[in-house]
Amino acid sequence: MRWEERFNYLTERATRTLARGLSRRAMLSRLGLILTGTLVLPLLPVRRGSVADASAVKPSDDPTQCEYWKYCAIDGFLCACCGGSSHSCPPGTDRSPITWIGTCHNPFDGRDYLMSYNDCCGKTSCGSCTCNRNEGERPMYRLSLNNDVNWCMANDNPNYHCSVSVVLGVAETAKP
Amino acid sequence: MAIKCKRFLQWVVCGGGLFLSLCAASRVPPLAAETLSEETLQFPLSPHSVLIYDEAFNNETDARLILFDADHNRKLGQMDAGYYPNITVAPDHRNVAIATTYWSRGGHGARTDVIEFWDLSSLRVTSEIVLPSTRLQGPPTLYHLAYSADQRFLYSHALTPAAAWTVIDLKTRQVVGDVDSDGCVQMIPSLTRRLTGICESGRLLSVTLDENGHEVSRQLSDVFFNDAVDPVFVQAIPTPTGVIFLSHHGQVHEVDLSTAAIKLLPAWSLRTVADQAWRPGGTQLGAIHAARHRLYVQMHIGGNGSHKEGGKEIWVYDTQSHQRVARWPVNTQLYGDVIATHVTADDHPLLILATSLSKILTLDAVTGRLLPVKDGVGQTPWYMVNP
């Protein structure tokens, strides 16, 4: 087991142990802290085995297009078409504090990036620029890699509006 | 002079036409006055009726459950379903439970999560039970809301993101509490008081409840899949004795939930050596007709990340021999990809397909012959179920 896989394994086990021992409210609170923590660790060297068939999609550098390289695991409406950008929520909406993650390949610099996908919440569906890409996406039992559930679930108003894709850092990897 | 003659002739023709029309009208009796009324459904419903889950993706606070008559290719009625609803039909087929979310001011204001009970014979809400604001909101499956076989309890999936199964006592109309599902998802009811979910570890978790809806025991199955190699879809397909789970690569994992000891049956593949590029995908992946021993699966050519892509063909299997018995191509240029597959349960079954272009295709489930196609039944028809 490579060290990053072991790191993933241990992290997941720790999260499960935490979940078993905490009330839901406490878990949400601590999960928020953990996720906040991930934002200050932008160079976490994670690469999933299924970075996937990025080659199947013609890459784009236009954030209003589903083919934009950062959107490799977005299933929803693009906030860039709804008054926001690829990494900001439209006016009057709230970002989701919890999120799913993925790794996208940027064909313009040849690097893989660790992405945080967040939903923007508090208004009904934007309805513009539907995007459904699922590279590395996993079923709901792998919740942190799942883009099906409503990630606005923990917001005061969990009404889903649109989705953004935020670069957390380079996903460094040992090339085979 | 010529112009005056022409105008005179026009007046003669028009006047004559008007005279003849008045004469004819005087001989045809007028329409009878109509009486405003409300339609009533023929109940029990035809076995070719189907409930179509329309998530209304472009305006998700307004999802619907549409009652569709596949014999006559028409809508029979509608149930309003709110935001990201979870639905289940009661075992006696008289009611539909819809767990949903409303806000007091449309998309904002005070939030209420509630289970509404709809009478299938009148398509009206007959009662409700208010839920904690913790229910799972996501694309539909058959197992986000479920009745116990005796209809004493209703189970509602919670996700906050901690996963739990909320138990509702339908006798007292009260929420009993949550069962911690340890991160496992879906709630497949079996026996009298057992729920089973699928876990990241590749196992199934089963929890048995007592007569008051409290947990008395839990057990884990053996590992039957590895999500790092070949993830299993959560959209389980019901069988007479349990469910099957399909994997992204087309493995069929059948689970027998009919006895106290859960049995994992040997896996088999939808694919032969010659068709390794094909995969199942979409939202409602397939359906089983129990009496005819047929499994229908929507298949596409894809790779990693294509698991939500709809089918280009329907592949038909004998569930006893595990042999493919038919491949039915779909004109996806005309109709779109197949995102949901459903089969009626009667002796003359219809296969009903919902597509990415929001069309409803009805096929003879024995021959694959395409019957009429219906447009405009809903905005995003993602799931179907027998009422």
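Look a little higher up for the structure.
(A) Broad picture of the overall build of chain B. Counting secondary structure elements, chain B contains 2 helices and 29 strands. Overall size of chain B, expressed as C-alpha extent along the three principal axes, is 100 × 55 × 40 Å. When each of the 387 residues of chain B is scored for burial, the buried share is 53%. Counting only contacts in chain B whose residues sit at least 6 apart along the sequence, the fraction spanning at least 24 positions is 45%. Carbon and sulfur atoms form 55% of the exposed surface of chain B, whose accessible area is close to 17,200 Å². Across chain B, the 31 positively charged side chains and the 38 negatively charged ones have centroids separated by 10 Å.

(B) Region of interest: the pattern of salt bridges. On inspection of all chains with the given rule, the structure shows 21 salt bridges over all chains. Where Asp-227 of chain B meets Arg-142 of chain A, a salt bridge forms, and the shortest distance between an N and an O atom there is 3.0 Å. Here the residue Asp-227 of chain B occupies a position in the loop between strand 14 (215–220) and strand 15 (237–238), and Arg-142 of chain A occupies one in the loop between strand 5 (130–132) and strand 6 (160–170), the pair thus bridging two chains. Per residue, the accessibility class of Asp-227 of chain B equals that of Arg-142 of chain A, and both read buried. A salt bridge links Arg-135 of chain B to Asp-113 of chain B; its shortest N-O distance comes to 3.4 Å.

(C) Region of the structure containing the packing of aromatic side chains. A full pass over the atoms with the stated rule returns 16 aromatic pairs over all chains. Relative to Tyr-71 of chain A, the ring of Tyr-68 of chain A lies with its centre 5.1 Å away and its plane at 75°, an arrangement referred to as edge-to-face. Taking the centre distance of 5.1 Å and the plane angle of 70° together, the rings of Tyr-83 of chain B and Trp-103 of chain B count as edge-to-face. Of the two residues, Tyr-83 of chain B is situated in strand 3 (residues 74–89) and Trp-103 of chain B in strand 4 (residues 95–105); the sequence distance between them amounts to 20 residues. The pair Tyr-83 of chain B / Trp-103 of chain B is uniform in exposure class, with both members buried. Pairwise contacts between aromatic rings join Tyr-68, Trp-69, Tyr-71 and Tyr-113 of chain A into one cluster.

(D) Region of interest: the state of the cysteines. All names here are of chain A. Applying the stated criterion to the full structure yields 8 disulfides over all chains. In this model Cys-72 forms its disulfide with Cys-104; the gap between the sulfur atoms is 2.1 Å. Residues Cys-72 and Cys-104 share a disulfide whose torsion about the S-S bond is about -95°; that sign makes it left-handed. With Cys-72 in the loop between helix 2 (24–39) and strand 1 (75–77) and Cys-104 in strand 3 (residues 100–106), this residue pair connects regions lying 32 residues apart in the sequence. The buried category is assigned to Cys-72, whose relative accessible area is 1%. For Cys-104, a relative accessible area of 0% translates into the label buried. Paired by a disulfide, Cys-82 and Cys-126 hold their sulfur atoms 2.0 Å apart. Looking down the S-S bond of the Cys-82 and Cys-126 bridge, the torsion is -95°, so its handedness is left-handed.

(E) Quick look at the side chain of Asp-54 of chain B. Residues and elements named next belong to chain B. Tracing the backbone shows Asp-54 in strand 1 (residues 49–54). No salt bridge is formed by the buried Asp-54. Its closest oppositely charged neighbour is Arg-64, at 4.8 Å. Of note is the side chain of Asp-54, whose polar atom sits 2.8 Å from the backbone nitrogen of Thr-380. Sequence-distant contacts of Asp-54, defined by excluding residues within four places in its chain, comprise Ala-63, Arg-64, Ile-66, Gly-378, Gln-379, Thr-380 and Pro-381.

(F) Molecular detail of the sheet that holds strand 1 of chain B. Residue and element names in this part refer to chain B. A sheet is described by the order of its strands in space; here 7 strands give the open sequence 6-5-4-3-2-1-29, paired in antiparallel fashion. Of all the strands in the sheet, just strand 6 (124–131) and strand 29 (381–385) have a single pairing partner and so form its edges. The mean angle between the axes of side-by-side strands here comes to 35°, regardless of whether they run parallel or antiparallel. Pairing analysis gives 10 bridges linking strand 4 to strand 5 (residues 108–119), with the strands arranged antiparallel. Looking at strand 5, one finds that Ala-97 is bridged to Phe-117.

Conventions adopted
- Position labels on residues start from 1 in each chain and follow its written sequence.
- Numbering of ligands from 1 and lettering of chains from A proceed in the order in which they are written.
- Only residues with pLDDT of at least 70 are given local features in this predicted model, and only at 80 or more are side-chain atom pairs given and counted; all residues enter the totals for whole chains, interfaces and linings.
- The basis for every side-chain value is the complete set of non-hydrogen atoms in the structure, without hydrogens or water.
- A helix here means a DSSP run of H or I that spans at least four residues, while a strand means a run of E at least two residues long, and both kinds are numbered starting from the N terminus.
- The buried label applies to any residue whose accessible area, calculated with a 1.4 Å probe on protein chains only, is under 20% of its type's maximum; exposed applies above 50%, and partly exposed to all values in between.
- For this analysis, residues touch if any pair of their heavy atoms sits within 4.5 Å.
- The Shrake-Rupley method, run with a 1.4 Å probe, gives the accessible areas here. Residue values count only the displayed protein chains as cover.
- We treat Lys and Arg as the positive residues and Asp and Glu as the negative residues; His and chain ends play no part in the count.
- Where a charge lies is defined by one atom per residue type, namely NZ (Lys), CZ (Arg), CG (Asp) and CD (Glu).
- In what follows, salt bridge is the name for a side-chain nitrogen of Lys or Arg lying within 4 Å of a carboxyl oxygen of Asp or Glu.
- Think of it this way: a Phe, Tyr or Trp ring, Trp meaning its six-membered ring, pairs with another when their centres are within 6.5 Å, and the plane angle makes it stacked under 30 degrees, edge-to-face over 60, tilted otherwise.
- The disulfide criterion used throughout: a pair of cysteine sulfur atoms within 2.5 Å.
- Polar contact is defined as a pair of N or O atoms within 3.5 Å, subject to the rule that within protein one atom must be able to donate a hydrogen and the other to accept it, and that residues adjacent in sequence are counted only when both atoms are side-chain atoms.
- By definition, two strands form a pair when at least two bridges between them are found by DSSP.
- Simply put, an axis is a line fit to the C-alpha atoms, just over the touching stretch for a helix, and the angle between two N-to-C directions goes from 0 to 180 degrees.

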